[in-house]
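Below are the chains, spelled out letter by letter.
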Amino acid sequence: GDKFAALEKQVQSHEENVAECKANLKKAEAKIATLTKDKESLQAMAESAKGNISELQSERRRQLNHLSNENLQLGDELKRTKEYLTETKAELDAIQKNTFSSEHTE
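All values reported here derive from a predicted model rather than from experimental measurement.

The rules behind each value
- Residues numbered from 1 in each chain as written.
- Predicted model: local features only at pLDDT ≥ 70, side-chain atom pairs only at ≥ 80, totals over all residues.
- Heavy atoms only, no water.
- Helix = DSSP H or I, 4+ residues; strand = E, 2+ residues; numbered from the N terminus.
- Rg over C-alpha atoms; globule rule 2.2 N^0.38 Å.
- Buried < 20%, exposed > 50% of the residue type's maximum accessible area, 1.4 Å probe, protein only.

1. Re the overall build of the protein
Looking only at helices and strands, one finds one helix and zero strands in the protein. Since a compact globule built from 106 residues should have a radius of gyration of about 13 Å, the 45 Å found for the protein marks it as more spread out than a globular shape. Taken over the C-alpha atoms alone, the protein extends approximately 155 × 10 × 5 Å along its principal axes. Within the protein, the fraction of its 106 residues that count as buried is 0%.

2. With respect to the environment of Asp 38
Mapped onto the elements, Asp 38 comes out in helix H1 (residues 2–105). The partly exposed category is assigned to Asp 38, whose relative accessible area is 39%. In this structure the C-alpha to C-alpha distance between Asp 38 and Leu 25, which are 13 residues apart in sequence, comes to 19 Å.

The structure is reproduced here in structure tokens:
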């Protein structure tokens, strides 16, 4: 009976080992699943960060375009104003000249 008892003990410890191994395997699988999920969420975060960066860049580009357009508009307005002033000054000069010249001729 002793031999049988010893054998049974061995089998039992073997079964315990197997159970432990299975439990460890389950733990490992759970850990892998968690790590995979973490990796996926990190990738998703990286992707969205990339998205945010390109959004920021395009927003910045849009603002710069807007500013340069505004500058162009201001430049045009300034040019127009200058031209208008030049014309007005010319007209004033002409009026003055006419006034003086008419005075002279009279």
